[in-house]
Amino acid sequence: MSLERPPEAASGEREDGASETAILTIDLDALIANYRRLRDLASPAECAAVVKADAYGLGMALAAPALSRAGCKTFFVATLGEARALRALLPDAAIYVFAGLMPGTAELYRAHDLRPVLNSAEEIGEWASFCAMRGEKLACAVHIDSGMNRLGLSADEVDRMAHARDLWQAVTLSLVMSHLACADEPTHPKSEAQRKAFDRLRAKLPMALASLANSAGILLGRAYAYDLVRPGIALYGGKPARQSDHHFHPVVHLKGRILQVRKVAEGETVGYGATHTMKRPSRVAIVSVGYADGFFRSLSTKDGQEGLVVYIGSHTAPILGRVSMDLITIDVSLVPEELSRRGAWVELIGPNVSAQAMAHHAGTIDYEILTNLGRRALRRYVGG
Ligand SMILES: *Cc1c(COP(=O)(O)O)cnc(C)c1O
């Protein structure tokens, strides 16, 4: 187990951290189990790992080395800054940068042995000139847009680049990739259309390893795995596809602490804006986590609305009223008093409350929940 804060902050504490008011536990064994599961699903394709946005908010500094020890050799990040931080952690990994080549950054890529994912003919031209100037055939990936209209070469650009033999001879094309727009809807016809477009377009470029699938793409089956898969969310315990029964191990556990318990009479209101009126005399608990910890304000409830339900042991406690910066209020009327006292811990994300369920109530996706986990809670890494 390792703690991100100085060890003295935890010394003399019980396992549950007596002085803490919120603990975010990141289970590296669960991360590794998810990696192995994805690798088996995609086999014999290579399973890379997407660790952008600080490993989806979980902490790249510990997540990436754990994945590397589990056998992962290829990593993807979004930005050059992330790539440099990752290079310091993993001297030998292949590291690709989705953002591609910003003008004037080629030397930084070379100096840190990083691979740009080139998104346009212009970027390919710049990388090839740089390689020619240095006299080194440096590795790069090319991103083909197969129908998402986000990053990548258009079909016209692929046609133009098909004959640019000099440019291709100056570089090492180590990967050709594309990205699926609707893989999270397993029956969406767009995925197959994109797969066909990807095949048609990549055939015009020099031979290279191919990659199409993110987490949800892996679940679409072997035809989508090609040579290398690029999972992110499933590694971190998210749910990649809407209708799938694939469950990955939860990696994140967030718990907050009861600061105060009070009795609220029927007809009284709770919290900012007085949005929740008690329908019966109740016991409510004030818990030490709020939107500054990544507990979205959109998880607030008002009269007549059913919100997210959190857990104390196996007992349920619904959120009442507004989420504030540092606090939420929950109804503990049905929780035994000895379990819902001042100082008791409340499960806010964990085995009973998935990031997916929280996302559903917050009107977003689990990706956004994970990447917004705050920096205030004590971070505790277990396993790995
Ligand atoms: C973020 C990202 C991934 C990973 O996607 P998940 O849905 O998290 O598995 C893969 N490829 C690209 C291009 C991405 O931007």
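Just so it is clear, the model here is predicted, and its values are computed rather than measured. (Residues numbered from 1 in each chain as written. Predicted model: local features only at pLDDT ≥ 70, side-chain atom pairs only at ≥ 80, totals over all residues. Heavy atoms only, no water.)

Participant: What should I look at first to understand the site of the ligand in this one?
Facilitator: Near the ligand lie 14 residues; those nearest to it are K52, Y56, S215, I233 and Y367. Here an oxygen atom of the ligand and a side-chain polar atom of N214 are 3.2 Å apart. At 3.0 Å from a nitrogen atom of the ligand is found a side-chain nitrogen or oxygen belonging to R230. Starting from 390 Å² of accessible surface for the ligand in isolation, the protein chains cover 93%. Of the residues assigned to the shell around the ligand, the class counts are 7 nonpolar, 4 polar and 3 charged. (Near = heavy atom within 4 Å. Polar contact = N/O pair within 3.5 Å; in protein donor to acceptor, adjacent residues only side chain to side chain. Areas by Shrake-Rupley, 256 points an atom, 1.4 Å probe, with all protein chains shown as cover. Nonpolar A, V, L, I, M, F, W, Y, C, P; charged D, E, K, R; others polar.)

Participant: What is the right way to read the packing of helix α1 (residues 28-42) against helix α3 (residues 60-69) from this model?
Facilitator: Helix-helix packing: each pair is described by the crossing angle between the helix axes and the interaxial distance. Close contact between α1 and α3 brings their axes to 10 Å; oriented N to C, the two are set at 45°. When the axis of α1 is compared with that of α3, the two are oblique. Note that α1 runs across α3; the crossing there is right-handed. Contact with α1, carried on its side by L28, L31, I32 and Y35, involves L62, A63, A66 and L67 of α3 and no other residues of that element. Here the contact of α1 with α3 is built from residues that sort into 8 nonpolar, no polar and no charged. (Axes fitted to C-alpha atoms, helices over the stretch in contact; angles between N-to-C directions. Helix = DSSP H or I, 4+ residues; strand = E, 2+ residues; numbered from the N terminus. Parallel < 35°, antiparallel > 145°, perpendicular 65-115°, else oblique. Left-handed = near helix turned anticlockwise from the far one by under 90°. Contact = heavy atoms within 4.5 Å.)

Participant: Please clarify how the state of the cysteines should be interpreted in this entry.
Facilitator: In a disulfide, the sulfur atoms of two cysteines are covalently bonded to one another. Summed over the entire model, instances satisfying the criterion amount to 0 disulfides. The cysteine C47 is free of any disulfide, with C72 supplying the nearest cysteine sulfur at 6.5 Å. (Disulfide = S-S within 2.5 Å.)

Participant: Quick question: what am I supposed to make of the pairing of strand β6 (residues 94-97) here?
Facilitator: Side-chain positions along a regular strand alternate between the two faces of the sheet. Here β6 shows no split at all, with A94 and Y96 on one side and I95 and V97 on the other all buried. Relative to β6, strand β5 (residues 74-77) is paired through 4 bridges, and the arrangement is parallel. Pairing of V77 across the sheet is with V97, part of β6. This β-α-β element, β5 to helix α4 (residues 80-89) to β6, shows right-handed connectivity. As judged from the 2 bridges shared by β6 and strand β7 (residues 115-118), these two strands associate in the parallel manner. If you follow Y96 over to β7, its bridge partner there is R115. In terms of handedness, the path from β6 via helix α5 (residues 106-111) over to β7 forms a crossover that is right-handed. (Buried < 20%, exposed > 50% of the residue type's maximum accessible area, 1.4 Å probe, protein only. Pairing = 2+ DSSP bridges. Right-handed = clockwise from strand over helix to strand, strands pointing away.)

Participant: In this structure, what is going on with the side chain of Q194? I would like to understand it.
Facilitator: Along the chain, Q194 turns up in helix α9 (residues 189-202). On the accessibility criterion, Q194 (1% relative accessible area) is buried. Looking at Q194, its side chain comes within polar contact range of the main-chain oxygen of H179, at 2.9 Å. Not counting residues up to four positions away in its chain, the partners in contact with Q194 are S146, G147, M148, H179, L180, A181 and C182.

Participant: Got a minute to help me understand the nonpolar core in this structure?
Facilitator: For soluble globular proteins, nonpolar side chains are generally found buried alongside one another. The biggest cluster of nonpolar side chains holds 122 residues, and the ones touching the most others in it are V51, F75, W127, F295 and I330. The dominant element in this core, judged by the number of residues it contributes, is α1, at 7 residues. Each of domain 1 (28-236) and domain 2 (252-353) accounts for three or more of the residues forming this core. The residues touching V51, leaving out its near neighbours within four places in the chain, are M60, L67, F75, F76, V77, L86 and Y236. Counting 6 residues, the second largest nonpolar core, distinct from the first, contains V264, V270, M278 and I286. (Core = buried A, V, L, I, M, F, W, Y, C linked by side-chain atoms within 4.5 Å. Domains from an automatic or database assignment.)

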